[in-house]
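Coordinate analysis (summary)
Here is what each chain is made of, one letter per residue.
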Amino acid sequence: MSFLRGGQIQKIRLPIGTRKGPLEVPLPTEKDWPKDDEEDHVLVDPDEEVDSLPQPYRMINKLVDLLFDQAWVIIEERNVLREAESSQIQLTVYPPLGEIQLNKMPTCMAVSQDYVFIGGAKGFSIYNLYNAKRIYAWEKLKVDVTSIWATDLGNEILIAPLDETGIIRLFYFYKDGLYLVKVINEGDDTSKQTTCIKMEISQGGDFVAFLLQGAGDVWLDVYKLPKETWLKEVEHPQLTSNPKKKVRQLQLNTLGPTSADHLEMDINVCFKGDIKLTLPVYTMKIKPPKPVTGTTFKSPLEVFAKIEDCYGLGSGQNHFIKDSQWERQAEIFNASYRKCLDGEWEEEPLSTATFYFLLPSCLFAMPTEVKGPSGMACVLGVHWSRSHNFFLYSLNRTLKDKADPEGVWPCAAPIVASQLSCSSSYLVLACEDGVLTLWDLAKGFPLGVAALPQGCFCQSIHFLRYFLVHKGQNMYPEDPVKSQMKCVVLCTDASLHLVEASRTQGPTVSVLVERPVKHLEKTICAVAPVPALPGMVLIFSKNGSVCLMDVAKPETICAFAPPGGFPPEAPWEPVFVVSRHHPCFLLRGDYSQDTESTDDAEIQYSVFYFNFEACPFLENISKNCTIPQRDLDDMAFPQALPLEKRCERFLQNSYRKLEKNPEKEQEHWTRLRRYSCLLQRENFKKEAATTLGSEKVSVTGQPLPGH
């Protein structure tokens, strides 16, 4: 950098465009520069004095100034961040209560009852949720398990692991035995192998559906599960081989070298491959709706004369459009978007489906001739990608029946996300324009339509069990609440919103977390409700932090972190599972215990067990999270009461107010008596007029004019 010498004002040469006389080429050194007259020098801005330096010093000076400015900007940003962090309340970070150490990287997890199912290399393992001890390991695959589902069937558990090749299997876990029910999509011909994308089990485990794809096609396969038959077959097994082979099978499938603590639990659990269970019953195959094509019909009258039924009329289905109309529409589209269509076209991906099993309600009634438990699913709801419609398929059918939907719910825009509540009472459909449609399936009417803030589009929906705020603490009502729902919505811009709706009030949308602007490392990548804590959700950020938020306030309460403090590799995709019936969650540690070792056998991976009751203030919330119904009746919580109770309370409160003011009470009763007398007089006049008219008709046989 250059500085002024001796505190004097430095005189520099005029710019080339304003100098007098002919242009001169300066000599290489400043000493040889000619001394111009004083009139050739003017006072200029000191910031431009660097123009007087020769090259390459002028460039060096500008680079140094640029580096200084950039460094100063970084220093200011860090100071602002440091001040913001110091002003924030430091969250209490809780370590895990337990740890499951593994020799191979776990890829997926599921929790059901008191067991944890961890998928990984060559199969999956079963662990006890309380003491983190391994009970059994099924490792018979040549590839890794990428996803696993576990559903509670009462005393039994249905397990469905999905491997890397897209093959999915059904396992039945009962007491001390693990049974293989069926390999759903394994075929003899590898060229015709189908791939499973996702699966869904109905509440109670009566039905299961698999989304499969293969040979450029995609479809849904629906099965009915014979639960009662399975229970009889495992309690009274019929072996397919001799007892000697069974003993050998048990020895082959027991675990390898284990500690004395594990041995006591492992000895009672085994894989019973000799017992063959009844296969699920294949009931239905559902394909995506066909695109609308042109028809040869010439008029609407001809269309209505040829169609067999009117199902779906006005719902966006069963269109009959002329070929000429399609051609005209294509011409208009191509002319309007010619510039955008000139590039190369990418192959359109296969359609995918999101599907749910729905319970009987006012919308979906179970046929009277069908006998089944009250909680048995009766309808399968499906929406396909890039589709406006939500299709409803009855489960009371056989494979011979035509798989046509019994109902269609059209939406104004394509459905991009949806979610069914755990009780199957509420359904939320999110369209690509940011509009949410909230359905009360139990009562059979929509709770309303809510629009997310401008620029926010739904990425995922997570239902919360309905809660109330009593004395600053979130509480669950003891009795089920009707037509009241709450859910959190994670948007594509990483903002988080709370959506509330009720039958008496329209839906409301409030912001829980704003979209990150400066600190992108705090971007939310996953959200999970905590059923054990009313109104609480776990928030997973890309920087590896896990925080617990109270959506009622809203504010972050505390944080959870595994030991070691190794930041995960960006972007972080957490692998976790939250228990629905226990106050805990499990998180995969995305770093190895021995990072310096090159031998895969020596590297240890971990799954950390976090218990909410290990936190002092969360323990009180978890153990005292229910408010009795009698307390609700005595408190001002009308939103948690049924309509009959609300009307009764309103009349009682009105009567109490009148009792406090006898004069006003007497005035009200007097007014009511007068109004009652007035109504009686009007009724007498009407009855008299009716009687007189009937008498005149009976005498003459014809009514008189005016009657």
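Okay, so let's go over this structure. The shown structure was predicted, so the numbers you read here are calculated from the model rather than taken from an experiment. (Residues numbered from 1 in each chain as written. Predicted model: local features only at pLDDT ≥ 70, side-chain atom pairs only at ≥ 80, totals over all residues. Heavy atoms only, no water.)

1. Brief notes about the overall build of the protein
Scanning the protein from terminus to terminus reveals 11 helices and 39 strands. Per-residue burial for the protein yields a buried fraction of 38% across its 707 residues. The contacts in the protein between residues at least 6 apart in sequence include a share of 53% that link residues at least 24 apart. Accessible surface computed for the protein: about 43100 Å², of which carbon and sulfur atoms make up 54%. (Helix = DSSP H or I, 4+ residues; strand = E, 2+ residues; numbered from the N terminus. Buried < 20%, exposed > 50% of the residue type's maximum accessible area, 1.4 Å probe, protein only. Contact = heavy atoms within 4.5 Å. Areas by Shrake-Rupley, 256 points an atom, 1.4 Å probe, with all protein chains shown as cover.)

2. Remarks on helix α8 (residues 616-623)
For α8, the full list of buried residues reads L618, I621 and S622. Around the axis of α8, the buried residues are gathered within 95° of arc, so they sit on the same side. Within α8, the exposed residues directed more than 90 degrees away from the buried face are P616 and K623. Structurally, α8 contributes buried residues whose contacts are with β28 (473-477), β33 (536-541), β34 (546-550) and β35 (555-560). (Arc of directions from axis to C-beta.)

3. Quick word on the nonpolar core
Among the nonpolar cores identified, the biggest contains 24 residues, and I168, L170, Y172, F210 and L277 are the most heavily contacted of them. Of all elements in the fold, only β8 (156-163), β9 (169-174), β10 (177-183), β11 (195-201), β12 (207-214), β13 (217-224) and α2 (227-235) reach the threshold of two or more residues within this core. Not counting residues up to four positions away in its chain, the partners in contact with F210 are I168, L170, I184, C196, K198, M199, W219, L220, D221 and Y223. In terms of nonpolar packing, the next biggest core, distinct from the first, is built from 23 residues, V530, F540, C558 and L587 among them. (Core = buried A, V, L, I, M, F, W, Y, C linked by side-chain atoms within 4.5 Å.)

4. Examining the packing of aromatic side chains
Tallying each qualifying case throughout the model produces 25 aromatic pairs. Taking the centre distance of 4.2 Å and the plane angle of 20° together, the rings of F540 and F576 count as stacked. Placement of F540 in strand β33 and of F576 in strand β36 (residues 576-578) is noted, with a sequence separation of 36 residues between them. Joined through ring pairs, the aromatic side chains of Y94, F560, F585, F610, F612 and F617 make up one cluster. The cationic tip of R465 hangs over the ring face of Y476; the distance from NZ or CZ to the ring centre is 4.1 Å. Its guanidinium or amino end placed over the ring of Y466, K486 lies 5.1 Å from that ring's centre, counting from NZ or CZ. (Phe/Tyr/Trp six-rings, centres within 6.5 Å; stacked < 30°, edge-to-face > 60°. Lys NZ or Arg CZ within 6 Å of the ring centre and 35° of its normal.)

5. Quick word on the side chain of N474
Structurally, N474 can be placed in strand β28. Classification of N474 by relative accessible area gives buried; the value is 4%. Within polar-contact distance, the side chain of N474 engages the backbone oxygen of P534 at 3.0 Å. Those residues in contact with N474 that sit more than four places away from it in its chain are F467, L468, V469, P534, G535, M536, D550 and A552. (Polar contact = N/O pair within 3.5 Å; in protein donor to acceptor, adjacent residues only side chain to side chain.)

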